[in-house]
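Structure at a glance
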Amino acid sequence: MTLDKTLLYEGKAKKIYSISGKPDLYIQEFKDDATAFNGLKKDKISNKGVMNTEITTLIFNYLISNSIPTHFVEKISENEMIVKKVDIIKVEVVCRNIAAGSLVKKFGFKEGLVLENPIVEYYLKSDELGDPLFTEGHIFALGLATAEEMEFIKSLTLKINGLLKKYFLDRKIKLVDFKLEFGKDTQGNIILADEISPDTCRFWDSETNEKMDKDRFRFDLGKVEDAYLEIKNRLSK
Ligand code: UDP
């Protein structure tokens, strides 16, 4: 497919293009660049763009087949997909099933503690401010979303969590935690956007608890590409 595209935005892991003649669609391109610790650690993970494109495609197709509204339209090359144009809501939604990462660092949870109920957290999407944890009160006061919209986002997040937990466990993967972003499409509907990949989730092997996600990059655990590839292979089966 040859599409006339114009770069609109380049982020840490993806590029977004507009498409000439298609005002309601964007192209989302996945890069090999990896960052951690608010951009302090930077490198490339070879083949990450290709692997995350395929992983996100498989997961979004699964969610769409379970009636979750998403921006995904179709994969058009090994590292690009067409998505619906959305205005991203500047709230990063994190959902946690098992304690790890900042839950351990900031709140003293023991890593690996299985949470009785999932914890949903909100972070302000702002590189300059370092994505601080914030509350619905802050979200309303900043005018980022209304109470009704946040209720919808939270219930959709919990529904996605239930679907993904089962999907991954069937593939011998524990879904420890993950980050979602939502956007408003040109009709004003709130839909799931961005990506779902080892960059944005914590995945542990269900038998060995081996880390199979970006923590291997964050903490120099080695075999980063192998972990992403193993996730892709388990989801492709
Ligand atoms: N996460 C993300 N983008 C961010 C921050 C977090 O995708 O800007 C994901 C992260 O990969 C993990 C989950 O959200 O799966 C929870 O991350 P946590 O709060 O533990 O923070 P981090 O480990 O990034 O310090």
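Structural notes, computed from the coordinates. (Residues numbered from 1 in each chain as written. Predicted model: local features only at pLDDT ≥ 70, side-chain atom pairs only at ≥ 80, totals over all residues. Heavy atoms only, no water.)

1. As for the overall build of the chain
Looking only at helices and strands, one finds six helices and 14 strands in the chain. Computed over the C-alpha atoms, the radius of gyration of the chain is 17 Å, within 12% of the 18 Å expected from 2.2 N^0.38 for a compact globule of 237 residues. By the burial criterion, 49% of the 237 residues in the chain qualify as buried. Sequence-distant contacts, at least 24 apart, represent 56% of the contacts inside the chain between residues at least 6 apart. When the accessible surface of the chain is summed, it comes to about 11,700 Å², and 51% of that surface belongs to carbon and sulfur atoms. (Helix = DSSP H or I, 4+ residues; strand = E, 2+ residues; numbered from the N terminus. Rg over C-alpha atoms; globule rule 2.2 N^0.38 Å. Buried < 20%, exposed > 50% of the residue type's maximum accessible area, 1.4 Å probe, protein only. Contact = heavy atoms within 4.5 Å. Areas by Shrake-Rupley, 256 points an atom, 1.4 Å probe, with all protein chains shown as cover.)

2. Some remarks on the packing of aromatic side chains
In total, this model carries five aromatic pairs according to the counting rule given. Note on Phe-168 and Phe-203: the rings are 4.7 Å apart at their centroids and 40 degrees apart in plane angle, and the pair reads as tilted. Taken together, the positions of Phe-168 in helix H4 (residues 147-169) and Phe-203 in strand S14 (residues 201-205) put the pair 35 residues apart, joining distant regions of the chain. Here the aromatic residues Tyr-62, Tyr-167, Phe-168 and Phe-203 are joined through ring pairs into a cluster of three or more. When the ring centre of Tyr-167 is taken as origin, the NZ or CZ atom of Arg-171, which lies over that ring, is 3.9 Å away. (Phe/Tyr/Trp six-rings, centres within 6.5 Å; stacked < 30°, edge-to-face > 60°. Lys NZ or Arg CZ within 6 Å of the ring centre and 35° of its normal.)

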